[in-house]
Amino acid sequence: MQSNIDLRSDTVTLPTRTMREAISIAAVGDDHSREDPSVNQLEIAASEFTGKEAALFVPSGTMANLVALLTHCGRGDEVVAGSESHITNHEGMGAFVLGGLSVRTVTNDFKGRISLEELKNALRPEWPKTAVLCLENTHNRCGGSVIPKSEIKALATVAREHAVAVHVDGARIVNASVALELPVADLVEDADSVSFCFSKGLGAPVGSVLCGSRDFIEEARFNRRLVGGAMRQSGIIAEAARYALEHHVQRISEDHANAQWLYNELGQLDGITMDPAGCDTNLVFFELDPGIDGQKFRSALAENGVRCSGTSERRVRMACHLGVDRDQVKEAARRTAKVLAESIGRN
Ligand SMILES: Cc1ncc(COP(=O)(O)O)c(C=O)c1O
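Keep in mind that what you see is a predicted model, and the values were worked out from it rather than measured. (Residues numbered from 1 in each chain as written. Predicted model: local features only at pLDDT ≥ 70, side-chain atom pairs only at ≥ 80, totals over all residues. Heavy atoms only, no water.)

**Student:** Even after reading the chapter, I still don't get the domain arrangement of the protein, so can you show me in this structure?
**Tutor:** Accessible area lost when the parts come together is the quantity often used to give the size of an interface. Domain boundaries assigned for the protein yield domain 1 (16–247) and domain 2 (251–346). One C-alpha centre belongs to domain 1, the other to domain 2; they are set 29 Å apart. Listed per partner, the contact involves 20 residues of domain 1 and 17 residues of domain 2. Interface area lost by domain 1 to domain 2 is led by R141, G143 and N175, which between them contribute 30%. On inspection of domain 1 and its partner domain 2, the count reaches one salt bridge. Here D280 and K111 are joined by a salt bridge, their closest N and O atoms 3.0 Å apart. Where domain 1 packs against domain 2, one counts seven residue pairs in polar contact (both at pLDDT 80 or more). Ranked by the residues each element gives to the side of domain 1 that touches domain 2, the list is headed by helix α8 (residues 173–180), at four residues. When grouped by side-chain class, the residues that make up the side of domain 1 that touches domain 2 number seven nonpolar, 10 polar and three charged. (Domains from an automatic or database assignment. Contact = heavy atoms within 4.5 Å. Buried area = accessible area lost by both parts, 1.4 Å probe. Salt bridge = Lys/Arg side-chain N within 4 Å of Asp/Glu carboxyl O. Polar contact = N/O pair within 3.5 Å; in protein donor to acceptor, adjacent residues only side chain to side chain. Helix = DSSP H or I, 4+ residues; strand = E, 2+ residues; numbered from the N terminus. Nonpolar A, V, L, I, M, F, W, Y, C, P; charged D, E, K, R; others polar.)

Given below as structure tokens:
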């Protein structure tokens, strides 16, 4: 029987044996009352990791972003975010429905970049007032691209000139930091707040964190409760996150090397065009030629034991993560080549 190779996302990882051991001895308490030692320790570790004064553990990346927006904005304020950002494409409803916020988009180019000129034109002092600029790093839909510190600084400078706060959706900020060989704290120095996920490249089962100034996080704590994200003995999951932060950061370079290998290998195949963004981190994107049916291609690949995802009908994403090693990535490339050859033959 063929082995299954799951490249749909870096969220599909399962906790390792040693992570499970750490979970099994986690000290826990009631986090509502700030009495969970594992959560408290995780929040201290996350604030040090990002160079911010304080941190707040939340169940998901979506909630981390939502709580950040609710905290930066008053009702009726405007959020400016990239046209390809996760916040705009996959979470926007939360800001509208729960926050009474409008989300205005500025164009992300193929590398996830935002033009300073367009940003300047998008920020407004009133009716509605822009309260926060959201940046995403790495940029998921733009090839998992890294946004360098110089770019964050330039955008943050414009935002600051307009009295607008800066939030970084750093669901995969650890990937950016590893790729740039720059500590996370350095990379997000110019942001007022940053969120990141433990459940993606870091390989923990659940959880994200929002980091910022002490006052900001105090207010965020209230907003987390408002949206139902305050948990009880959440040390059980916080301990897995803490383990991931201690043991899984440096190994992310293996995922990047595997993804680069896959990007180069698939680039030699007929029937697809590799993403112009290239492969900065762990995500590999390609576009199927117009004659190939995306749905059928993905199904045929799944029948061959390789699962992938897509951001549109013909755009395919493959994610490398701690659940797949180089041999499995090579095998996935071999099966992709086979399915692609058959798909071209059929059309
Ligand atoms: C860039 C980015 N931000 C936020 C999220 C949301 O994370 P979660 O799935 O934990 O809600 C994701 C999820 O894929 C993401 O890619």
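Back to the text.
**Student:** What is the right way to read the pattern of salt bridges from this model?
**Tutor:** Two side chains that carry opposite charge are able to pair once their charged atoms sit near each other. Under the definition given, this model contains 24 salt bridges. Among the ionic pairs, R141 bridges to E84, the shortest N-O distance being 3.0 Å. With R141 in the loop between β5 (130–136) and α7 (149–161) and E84 in the loop between β3 (78–82) and α4 (86–90), this residue pair connects regions lying 57 residues apart in the sequence. Residue R141 is classed as buried on the basis of its relative accessible area, which comes to 17%. One salt bridge connects E342 with K338, and the closest N-O pair in it is separated by 3.7 Å. Here the residue E342 and the residue K338 both occupy positions in helix α14 (residues 326–346), the gap between them amounting to four residues, near one helical turn. When its relative accessible area of 38% is taken as the criterion, E342 is described as partly exposed. By sharing partners, the salt bridges in this structure join R34, E43, E218 and R221 into a single network. (Buried < 20%, exposed > 50% of the residue type's maximum accessible area, 1.4 Å probe, protein only.)

**Student:** Explain the environment of T16 here, please?
**Tutor:** Mapped onto the elements, T16 comes out in the loop between β1 (5–6) and α1 (17–24). Classification of T16 as partly exposed rests on a relative accessible area of 25%. Sequence spacing of T16 and D255 is 239 residues, and the spatial spacing of their C-alpha atoms is 16 Å. Setting aside residues up to four positions removed in sequence, T16 forms contacts with Y243, H248 and L322.

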